[in-house]
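# Observations on chain architecture
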4 protein chains.
Amino acid sequence: MKIKTVGIIGDSLEKPELNKIAEEMGRKLASAGITIITGGREGVMGAASRGASSVNKRPETARVIGILPGISKEEGNQHLDYAIPTGIGWARNQIVVLASDIVLAVGGGAGTLSEMAYAWAYNKPVVAFSNVEGWSNKLGGHKIDDKRADSIIKVNSEDEAMRVINDIFSDLHH
Amino acid sequence: MKIKTVGIIGDSLEKPELNKIAEEMGRKLASAGITIITGGREGVMGAASRGASSVNKRPETARVIGILPGISKEEGNQHLDYAIPTGIGWARNQIVVLASDIVLAVGGGAGTLSEMAYAWAYNKPVVAFSNVEGWSNKLGGHKIDDKRADSIIKVNSEDEAMRVINDIFSDLHH
Amino acid sequence: MKIKTVGIIGDSLEKPELNKIAEEMGRKLASAGITIITGGREGVMGAASRGASSVNKRPETARVIGILPGISKEEGNQHLDYAIPTGIGWARNQIVVLASDIVLAVGGGAGTLSEMAYAWAYNKPVVAFSNVEGWSNKLGGHKIDDKRADSIIKVNSEDEAMRVINDIFSDLHH
Amino acid sequence: MKIKTVGIIGDSLEKPELNKIAEEMGRKLASAGITIITGGREGVMGAASRGASSVNKRPETARVIGILPGISKEEGNQHLDYAIPTGIGWARNQIVVLASDIVLAVGGGAGTLSEMAYAWAYNKPVVAFSNVEGWSNKLGGHKIDDKRADSIIKVNSEDEAMRVINDIFSDLHH
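Residues numbered from 1 in each chain as written. Chains lettered and ligands numbered in written order. Predicted model: local features only at pLDDT ≥ 70, side-chain atom pairs only at ≥ 80, totals over all residues. Heavy atoms only, no water.

## Some points on the relation of the copies chain A and chain C
Here is the rule we go by: We place the copies in one frame by least squares, fitting the C-alpha atoms of every residue whose pLDDT is at least 70 in both.
By a simple turn and slide, chain A fits onto chain C: the slide is 0.0 Å along the axis, the RMSD is 0.0 Å, and the turn is 180°. Within this description, the copies of the chain are treated as partners about a two-fold rotation axis. For chain A, the smallest separation between a C-alpha atom and the rotation axis is recorded for A:Glu60, amounting to 3.2 Å.

Structural data, given as structure tokens:
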């Protein structure tokens, strides 16, 4: 049985407000036995990784995977259990999305926007924090185009995000 | 001296209003001796390719290049001079942008949005039609994030688009 | 601390002689707490995954990761803990290699050859079974080009392969 | 009608013996109205580009395209008509092959070997110079695996290479 994964995407710059949410989501997801996937670098990626890896008695299925743009594992943040260098630059954004069962956006600029667009195009459920600045706020509650019946799900708190994620996994029959 | 290129991005579905603009831009760019780059498929990509290839006494530097998602040249529309299959799926959107000196958006859904995000992240000038529905309209005149001083340039007609494109090429000292 | 990984590459067709070695190597590596990376499909990839996942009281650090060519996790064999669809086709061979600390070849045709070439170009230690047919035999003991001082290390048994792999990890100061 | 393309692959280091052949092949192919595709850098890639672009009264269909590993057109050699930065590193080797109707190898180390392996896997005709050192010599006349009925075609002179290439294009009904 494949392990459940949630991709956490957002700003690579260090923004305390976003990092706080990302770290808390990392902790909550890891405590629930869910592996997190990120782009493996800093900012929201680093904070989510730190949160997940900090969980006491972390379940076996709660690992931290970083899908890196460059060719070296050293490029990854220090909290990764698995650093996966791709060597394909930001085209790796496609892989961050494809490796995730659900994509969770926390703020974000152009890189995050490309990931939300890919997630939509590849039919991945997208959950987006609307109580912060960035593309997760701008797109939360909206459709990216008319090819899907659903919308990007907007959430305003970490608890709400976990409820939504748990509901989606129930629907996916994992 | 490398030949000037403009990437034309937009809906892959056939939308007459968008196709009309794309075809006209293909004609105008080709007449000006500029090569067009597209994702090589249908809709805006096909219309732009058709327009460019239809120019009478087409200048030598006005070719039509399609950067395809799959592994076969057969996947490209019939107007391509060069079909470049990448085999990397929609990750090829990164290459459409990187191969273009300027990116021109005509409408567009999630795929186009990913290309506009990449164009922004890779510091490419982005010109967007604001008189049509889709992401070219939503993002025209706006910034995608704060990492650039400029904005996506919105235009409302083919003539205006050509003036903007010519101005940018003058600035690029081509 | 990042978890140790060994990439296992070889024929995607089912060849009993190769599968037997791959499955045994999967078992031995997993028992030693090493995560295996493969292309996620069948043949040597499937057998290695089966072997690793079959280990009784498998150590926490002995997971099975498949780096898939397509866009769906369903494409992966049933023994994967983590299916990572890349959507970039056989260009994913680069990632299989980059995600691995050491690359181990068991037979193999053109796909395996591309992976051995990438592993060499990216300075990864390559261990190759010489007691079977295929590119692992042809290249074992040889250099691919003059850019490296070392050679591909040839081995003739699973026990020898484990000794070599353990020695390399000792040198890498993991 | 799509323009005929031949991919020229080989050492990126400057080896006079190889460069001489590559430059001559660039000249001959361009004179015959065939576009050449390379990895866009130096060595065999640069020499082939130089040869093709040096042809007097070059036919309109004889352009020089470089498929670059990085994100900048500046990375390409000075003889390219079209520089196509991919941003996917050496994974771009897959695209060099897919964009070519026929692949022609002149010497070569690990990078060239990965391209020959991809060309074989993607069913591209491969022509290889056997009168020079490198992988074109080692694989000329051989099969890479049993999945194809044909072999890599070995040639010993530029004239022979042109005859073989013309024959293949006749068979492809271009």
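## Looking at the relation of the copies chain C and chain D
Rules: Contact between two residues is taken to exist if any of their heavy atoms lie within 4.5 Å; hydrogens are not considered.
When chain C is brought onto chain D, the operation consists of a screw motion whose angular component is 180° and whose axial shift is 0.0 Å, with 0.0 Å RMSD remaining. Mapped onto chain D, 100% of the interface residues of chain C are again interface residues, and the two copies thus contact each other with one and the same surface.

## Topic: the nonpolar core
Under the convention used in this document: Side-chain atoms within 4.5 Å are what join buried Ala, Val, Leu, Ile, Met, Phe, Trp, Tyr and Cys residues into a set we call a nonpolar core. Relative accessibility thresholds used throughout: buried, under 20% of the residue-type maximum; exposed, over 50%; partly exposed, between the two (1.4 Å probe, protein chains only).
Grouped together as the largest cluster of nonpolar side chains are 120 residues, with contacts concentrated most on A:Met116, B:Met116, C:Met116 and D:Met116. Not counting chain neighbours up to four residues away, the residues in contact with B:Met116 comprise B:Ile9, B:Ala105, B:Val126, B:Ala128, B:Trp135, B:Ser136, B:Leu139, B:Ile144 and B:Ile152.

## A look at the interface of chain A and chain C
How big an interface is tends to be expressed through the accessible area that disappears when the partners come together. The criterion, for reference: The term buried area means the drop in 1.4 Å probe accessible area that two parts suffer when joined, counted for both and summed. Criterion for a salt bridge: a side-chain nitrogen of Lys or Arg within 4 Å of a carboxyl oxygen of Asp or Glu. For the purposes of these results, a polar contact is taken to be a pair of N or O atoms within 3.5 Å, where, inside protein, one atom must be able to donate a hydrogen and its partner to accept one; residues adjacent in sequence count only when each atom of the pair is a side-chain atom. Think of it this way: any DSSP run of H or I at least four residues long counts as a helix, any run of E at least two long counts as a strand, and we number them from the N terminus. When residues are grouped by polarity, Ala, Val, Leu, Ile, Met, Phe, Trp, Tyr, Cys and Pro land in nonpolar, Asp, Glu, Lys and Arg in charged, and all others, Gly among them, in polar.
Facing the 30 residues of chain A at the interface are 30 residues of chain C. By the criterion of area lost to chain C, the three top residues of chain A are A:Lys2, A:Lys73 and A:Tyr82, representing 27% of everything that side buries. For the interface between chain A and chain C, the tally reads 4 salt bridges. A:Asp101 is paired through a salt bridge with C:Lys73; the nearest N and O atoms lie 3.1 Å apart. Taken together, chain A and chain C are joined by 16 residue pairs in polar contact (both at pLDDT 80 or more). Of all the secondary structure elements, the ones that give two or more residues to the side of chain A that touches chain C are strand S3 (64-68), strand S4 (82-85) and helix H3 (93-98) of chain A. For the side of chain A that touches chain C, the element with the highest residue contribution is S4(A), accounting for 4 residues. Looking at side-chain class alone, the side of chain A that touches chain C contains 15 nonpolar, 9 polar and 6 charged residues.

## Quick notes on the sheet that holds strand S5 (residues 102-106) of chain B
Residues and elements named next belong to chain B. Condition: Pairing between strands is defined by DSSP: at least two bridges between them are needed. Interaxial angles span 0 to 180 degrees and are taken between N-to-C directions of axes, which are lines fitted to C-alpha atoms, for helices over the stretch in contact.
An order of S4-S3-S2-S1-S5-S6-S7 is seen for the 7 strands of this open sheet, with the pairing classed as parallel. The open sheet has two free edges, formed respectively by strand S4 (82-85) and strand S7 (153-155), since each of these has just one partner strand. Pairwise comparison of adjacent strand axes, ignoring direction, gives a mean angle of 25° for this sheet. Bridge count for strand S3 (residues 64-68) against S4 is 4 bridges, and the pairing is parallel. Counted as the bridge partner of Gly 66 is Ala 83 from S4. Its contacts with the sheet place helix H1 (residues 16-31) against strand S1 (5-10), strand S2 (35-38), S5 and strand S6 (126-129), and it is angled at close to 175° to S1. Against the sheet, helix H6 (residues 158-171) engages S1, S5, S6 and S7, with an angle of about 150° to S7.

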